[in-house]
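Analysis of the macromolecular model
The chain contents come next:
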Amino acid sequence: MKVSDYVLQRLRAWEVEHVFAYAGDGINGLLAAWERADNQPRFIQARHEEMAAFQAVGYAKFSGKVGVCAATSGPGAIHLLNGLYDAKLDHVPVVAIVGQTDRSAMGGSYQQEVDLLSLYKDVAAEFCEMVTVPEQLPNVLDRAMRTAYAKRTVTAVIIPADVQELDYTPPRHAFKMVPSSLGLSSYAPVPGDAELDRAAEVLNAGEKVAILVGQGARGARAEVEQVTEALGAGVAKALLGKDALPDDLPYVTGAIGLLGTRPSYELMQGCDTLLVIGSSFPYSQFLPEYDQARAVQIDIDPFMVGLRYPFEVNLVGDARETLARLLPRLTRKKHGAWRKKIEKNTARWWEVMERRAAVEADPVNPEHVVHALDAVLPDDVILTADSGSAANWYARHLRLRGAMRGSLSGTLATMGPGVPYAIGAKFAHPNRPALALVGDGAMQMNGMAELITAAKYWQDWSDPRLIVAVLNNGDLNQVTWEMRALSGAPQFLPSQAIPDVPYADFARSIGLDGARVEEPAEVATAWQRALAADRPFVLDFRVDPAVPPIPPHATLDQIEAAAASLVKGDSDRGAVLRQGLKAKVQEMLPGGHD
């Protein structure tokens, strides 16, 4: 047995079923071992190492298992980095296995020689090791897997090409040998009784309780609902926690932050008590004023508590188990004016979203596209969104219900993971439909190439539906509107304008299906057609770049500045447009808002 054979055997022992990868001579030994192992675990070939890493992240996010990716030495290892940082910042368990030049060439400025230990020491800070003798295995692989699971982070194993070809010899019962064993039992840490009592005192004393949940609350849905009912609270969701609680509950105000909703903003502005569960939401300006609310935080990671807000009680523990122990300590509150206000504001918000989706645009309003999707989402759909204005519409218009899942690059907010996330999701759940909502910038960056990956593998999926919806507006739209709203600067066309590409035609050319949609009346039919397709389907929606992703806290002055930038140099047109936008925004906002 070669070292490379043992690596794959140990991965199988850890129940790894897929490795997302791209070939290169730095992992030739592993590739040969894959052939000998009858492709178990299965080698999933991406078009680019960054996409392999993104697919591993998507797989991990939607399966709950460690995602594993592999790449060659030098450029392959470098290409993995963006996807690995996406995993690290979103607290997703991913193991990277990368090649390296032969040991005899190290230090010789050899071809593709990169100091990978230095390169990876940040992204895989919790565990990064190079294997130089066979006896280091299985310990190194076991620790990489166990650390990724336990700390929900990235780990890396670097294996020089010549080491892959060595005969495997296990560690002996001898000095300076490190034996190892498989497995990691499930565990759920909980705070002590005294801390739970302190937290209950704070929450019981509040009259206007707000709850913020993140992805750490996903396994505690029933407990969050019970706590919310006991406290008469409203619940806002960090973007990574969008699928932690159903959006059809009347007290769920939706997303919070730059891409959030008005009722979430109002929830935080009006509360006197805050409970944060499983979230490291970074934008403190969207939380209550520092002297406004007493606050409690629950997080499983002791290094992530106490951030973002001056919490009075920081509970370190598993969300589900901690809430179960907290519930008997809570005094049930009457659902009075505070809860009624939350539910009223939330209902109004969805009316506003419906009106915004109905606004005419040239040619199609992107909000209409996504709002129409909301009504036809399959019960078991897995949603991904790319960074950019597409993330705004994903956050505000799609109501996740029941078993629906959804995610995006929440913390790194990198362009490009929408399509590879969805592909990773299909390998995690081949019996469920997946849908990626992406901008044309992200699609051109790498989404089109990953359609080739979908074309290679889709017939292996029991449910062949993978829908890629491209919001095609010829503009890097989010940056354009940030320039307008924050700087009052007009669109800088050399940096923002991008070519119109026939995305659906490209999909058909590689054996998939697709359609181009250029009229509002065609939108609903297009969604139905894609959802009924017998293969991956690309929808090319020609949408209006002038529909602004207005944040919920935007003032009319900021909207004016954005409008003025559209017609800079033409004061008459600018005045007319500003007044028109003012009237439209005031018409859409719930009554009483400035």
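Residues numbered from 1 in each chain as written. Predicted model: local features only at pLDDT ≥ 70, side-chain atom pairs only at ≥ 80, totals over all residues. Heavy atoms only, no water.

1. Quick look at the overall build of the protein chain
Helix and strand counts for the protein chain stand at 23 helices and 18 strands. Computed over its C-alpha atoms, the radius of gyration of the protein chain comes to 25 Å, within 12% of the 25 Å expected for a compact globule of 594 residues. Principal axes of the C-alpha set define a box for the protein chain whose edges measure 75 × 65 × 45 Å. Summed over all atoms, the accessible surface of the protein chain reaches about 23,400 Å², with 52% contributed by carbon and sulfur. Separation of charge centres in the protein chain, based on 58 positive and 72 negative side chains, amounts to 4 Å. (Helix = DSSP H or I, 4+ residues; strand = E, 2+ residues; numbered from the N terminus. Rg over C-alpha atoms; globule rule 2.2 N^0.38 Å. Areas by Shrake-Rupley, 256 points an atom, 1.4 Å probe, with all protein chains shown as cover. Lys, Arg positive; Asp, Glu negative; His and termini not counted. Charge placed at Lys NZ, Arg CZ, Asp CG, Glu CD.)

2. Let's talk about the sheet that holds strand β2 (residues 42-45)
Ordered by their spatial adjacency, 6 strands build an open sheet running β2-β1-β3-β4-β6-β5, and the pairing between neighbours is parallel. Among the strands making up the open sheet, the edge pair consists of β2 and β5 (128-130). For this sheet, the mean inter-axis angle between neighbouring strands, taken without regard to orientation, is 25°. Relative to strand β4 (residues 94-100), strand β3 (residues 67-71) is paired through 5 bridges, and the arrangement is parallel. Counterpart to A70 in the pairing with β4 is I97. (Pairing = 2+ DSSP bridges. Axes fitted to C-alpha atoms, helices over the stretch in contact; angles between N-to-C directions.)

3. Regarding the packing of aromatic side chains
Considering all chains together, one arrives at 13 aromatic pairs under this definition. Relative to F311, the ring of Y309 has its centre 5.8 Å away and its plane inclined at 65°; by these criteria the two rings are edge-to-face. The pair Y309 / F311 is uniform in exposure class, with both members buried. Chaining the aromatic ring pairs together yields one cluster made of F20, Y59, F427, Y457 and W461. Above the plane of the ring of Y394 lies K242, whose end atom (NZ or CZ) is 5.4 Å from the centre. In this structure, R399 is placed above the aromatic ring of W350, and the distance from its NZ or CZ to the ring centre is 4.5 Å. (Phe/Tyr/Trp six-rings, centres within 6.5 Å; stacked < 30°, edge-to-face > 60°. Buried < 20%, exposed > 50% of the residue type's maximum accessible area, 1.4 Å probe, protein only. Lys NZ or Arg CZ within 6 Å of the ring centre and 35° of its normal.)

4. A few points about the nonpolar core
Among the nonpolar cores identified, the biggest contains 55 residues, and L80, L84, V94, Y120, M443 and V468 are the most heavily contacted of them. If one sorts the elements of this core by residue count, helix α3 (residues 49-63) sits on top with 8 residues. Residues in contact with L80, not counting those within four places in the same chain, are E49, A53, C69, A71, A96, V98 and Y120. In terms of nonpolar packing, the next biggest core, distinct from the first, is built from 39 residues, A372, L383, V517 and W527 among them. (Core = buried A, V, L, I, M, F, W, Y, C linked by side-chain atoms within 4.5 Å. Contact = heavy atoms within 4.5 Å.)

5. Structural notes on the side chain of E135
Assignment of secondary structure puts E135 in the loop between β5 and α7 (139-151). By relative accessible area, which is 17% here, E135 ends up buried. Residues contacting E135, with those up to four places away along its chain left out, are T169, P170, P171, R172 and M177.

6. Section: the pairing of β2
With 4 bridges connecting them, strand β1 (residues 18-21) and β2 associate as parallel partners. Paired with H18 across the two strands is R42, which belongs to β2. In this fold, the crossover linking β1 to β2 by way of helix α2 (residues 28-36) has right-handed handedness. (Right-handed = clockwise from strand over helix to strand, strands pointing away.)

7. Digging into the pairing of strand β8 (residues 234-237)
Along β8, one buried face is formed by G234 and A236 and the opposite face, lined by V235 and K237, is buried too. Where strand β7 (residues 209-213) and β8 come together, 4 bridges link them in parallel fashion. Directly across from I211, in β8, lies its bridge partner V235. The parallel pair β7 and β8 is bridged by helix α10 (residues 221-231), and the resulting crossover is right-handed. The sheet contact formed by β8 and strand β9 (residues 252-255) spans 3 bridges and is parallel.

8. Digging into the environment of L435
Residue placement: L435 occurs in strand β15 (residues 434-439). A relative accessible area of 1% places L435 in the buried class. In this structure, L435 is in contact with L373, V381, I382, L383, T384, I467 and W527, ignoring residues within four places of it in sequence.

9. Some points on unusual backbone geometry
The omega torsion of the bond from Q40 to P41 falls at -5°, within 30 degrees of zero and hence cis. A cis amide bond, omega 0°, links D362 with the succeeding residue P363. Phi at R308 takes a positive value of approximately 75°, unusual for a residue other than glycine. Mapped onto the secondary structure, R308 falls in the loop between β11 (294-299) and β12 (313-316). Look at A413: it is not a glycine, yet its phi comes out positive at around 50°. We classify A413 as partly exposed; its relative accessible area is 45%.

10. Regarding the side chain of T253
Relative to the elements of secondary structure, T253 occurs in strand β9. Within the local environment of T253, its side chain forms a polar contact with the side chain of S264, the two groups lying 2.8 Å apart. The residues touching T253, leaving out its near neighbours within four places in the chain, are V235, A236, T261, P263, S264, L267, I342 and T346. (Polar contact = N/O pair within 3.5 Å; in protein donor to acceptor, adjacent residues only side chain to side chain.)

11. Observations regarding the confidence of the model for the protein chain
Overall, the predicted model of the protein chain reaches an average pLDDT of 93, with 92% of residues at or above 70. Here residues 590-594 is a poorly scored stretch, pLDDT under 50, and it has 7 contacts once near neighbours within four places are set aside; other chains count. (pLDDT = per-residue confidence, 0-100.)

12. Describing the packing of helix α13 (residues 337-358) against helix α15 (residues 389-397)
Relative orientation of the contacting elements α13 and α15 amounts to 135°, with a least axis distance of 11 Å. The angle between α13 and α15 places the two elements in the oblique class. On the side of α13, the interface is formed by W349, W350, M353, R356 and A357, while α15 contributes W393, R396 and H397. When the residues that make up the contact of α13 with α15 are grouped by side-chain class, the tally is 5 nonpolar, 1 polar and 2 charged. (Parallel < 35°, antiparallel > 145°, perpendicular 65-115°, else oblique. Nonpolar A, V, L, I, M, F, W, Y, C, P; charged D, E, K, R; others polar.)

13. Side note on the packing of helix α14 (residues 366-374) against α15
A packed helix pair is summarised by two numbers, namely the angle formed by the two axes and the spacing between the axes. Between α14 and α15, whose axes approach to 10 Å, the crossing angle comes to 40°. Taken together, α14 and α15 sit at an angle that is classed as oblique. Where α14 crosses over α15, the two elements pack in a sense that is right-handed. Residue-level inspection shows P366, E367, V370, H371 and D374 of α14 in contact with α15, the latter providing W393, Y394 and H397. Residues belonging to the contact of α14 with α15 are distributed by class as follows: 4 nonpolar, 2 polar and 2 charged. (Left-handed = near helix turned anticlockwise from the far one by under 90°.)

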